[in-house]
Amino acid sequence: MQRYALLTVLGLLVTGSWAQGLMPTISLPPCDSPEAEAAALIAQDFLNAQHTHGYKYVLNQIDEIKIVSRPLQADTYHLELDFLETTCHVLDPTPVSLCPVRPKINTAVEADCDFVLANTTQGLSVVAFKCETETESEDKCLGCPQLIPLNDTDGLQLIETSLDYFNKNNTLNTKFALLEIGRMGSQIVSGGARYFAEYAIIGTNCTSQDDDICIPQNHNVAIHGLCLAEGSANGVDCKIFAPDQASNATVQVQQLLHAHTFGPQHNPAIHGLKHHKLTALHDPSASGLLSAESNELAEVTAVPAPKEAPVVKREVAAPEVPASEKTPLLSGPIHIAPICPGKKKHF
């Protein structure tokens, strides 16, 4: 009887040790560490490659990072990131690191995103993400510019007349069509409202002197551009992107954009919206990693008992110290509060 009891106890100890070996280990590196920055920039580039309308986004702050390690599986990086909209359209070949962030006074757009990345032998890759896009508080000074819906009739009229003016006066001898509206706004000035608009254009099969029905060219060979119009038809300035400037990621985006005709119903997908939203959820089949998984990690991280899933701070290795000078290490995992969130890069 005693031998049976002893075997039972030994079996439970072995089983418990084996089960503990399969539990995930949670690492919490500082949010401003090189490891966190590298993962966040991969997330940023992936996000911009998936974003097919509006403007590129740049990393503003790393709110949280957790690295989950499991036996025989790739480590997964769980990040909470803040992004800000830039003034570079998704078709603009300018690297996002060189794109200016849109100032607050011009109604900045920000995005809160959760990312999951897998660290395989090929490096870090995005598994899933979800984002919420919103504007900064609109409680502004009297007379400051305000965004208006992308199907606003007065704003559309400005786009139509300014594009017509640009088509008749550009030196490229090419007639352009409206590709998409980036943003529209108004400002109260003496004499009434002053409107402004940003919109993307695409070259057609017509010259600037043709009045026929024109067909947008194939995205792979077409000239694209981003126009800024303000006040009146001749107050328009267009930045043109030649086809050979486009990167592979830009070409993929171009294939998903479509030219539109004028009118309040020009794009039902943005009816009533004042800005383009980011993809709400990428890869719904992996959405569990962004919901149930997050809750599970929170529970594991909150367990104070040292025998549970260890939570450690990942940091750069310290210089080697001679064995004679080393302080004996404490047994068991060490719980250290993570250094998060990270610093804001902009505002």
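Residues numbered from 1 in each chain as written. Predicted model: local features only at pLDDT ≥ 70, side-chain atom pairs only at ≥ 80, totals over all residues. Heavy atoms only, no water.

**Side note on the sheet that holds strand β7 (residues 176-189)**
Pairing between the strands of a sheet comes from backbone hydrogen bonds, and it takes one of two forms, parallel or antiparallel. The sheet built from 5 strands is open, its strands ordered β6-β7-β8-β9-β10 with antiparallel pairing. Strand pairing shows two members of the sheet lacking a second neighbour, β6 (146-148) and β10 (236-241), which therefore form its edges. Sheet twist, expressed as the mean angle between neighbouring strand axes with direction ignored, is 20 degrees. Across 12 bridges, the pairing between β7 and strand β8 (residues 192-203) is antiparallel. Residue R183 lies in a different strand from β8, and its bridge partner there is E198. (Pairing = 2+ DSSP bridges. Helix = DSSP H or I, 4+ residues; strand = E, 2+ residues; numbered from the N terminus. Axes fitted to C-alpha atoms, helices over the stretch in contact; angles between N-to-C directions.)

**Examining the side chain of T133**
Mapped onto the elements of the fold, T133 is located in strand β5 (residues 123-135). Residue classification places T133 among the buried positions, given a relative accessible area of 10%. For T133, the side chain forms a polar contact with the main-chain nitrogen of L278, separated by 3.0 Å. Setting aside chain neighbours within four positions, we find T133 in contact with Y57, V109, E110, A111, H275, H276, K277 and L278. (Buried < 20%, exposed > 50% of the residue type's maximum accessible area, 1.4 Å probe, protein only. Polar contact = N/O pair within 3.5 Å; in protein donor to acceptor, adjacent residues only side chain to side chain. Contact = heavy atoms within 4.5 Å.)

**Focus on a negative patch on the surface**
A cluster of acidic side chains, namely E80, D112, E132 and E134, defines a negative patch on the protein surface. As for its position among the elements, E134 is in strand β5. (Patch = residues over 30% accessible without salt bridge, like charges linked within 9 Å, V, L, I, M, F, W, Y side chains within 5 Å. Areas by Shrake-Rupley, 256 points an atom, 1.4 Å probe, with all protein chains shown as cover. Salt bridge = Lys/Arg side-chain N within 4 Å of Asp/Glu carboxyl O. Lys, Arg positive; Asp, Glu negative; His and termini not counted. Charge placed at Lys NZ, Arg CZ, Asp CG, Glu CD.)

**Considering the confidence of the model for the chain**
Scored by pLDDT, the chain comes out at a mean of 79, with 71% of its residues at no less than 70. This model gives residues 1-18 a pLDDT under 50, and the stretch forms 0 contacts once residues within four places in sequence are excluded. (pLDDT = per-residue confidence, 0-100.)

**A closer look at the pattern of salt bridges**
In this structure the tally under the stated criterion is 8 salt bridges. Here R183 makes a salt bridge to E85, at a shortest N to O gap of 3.0 Å. You can see R183 sitting in strand β7 and its partner E85 sitting in strand β3 (residues 75-89), a full 98 residues away along the chain. The class for R183 is buried, based on a relative accessible area of 2%.

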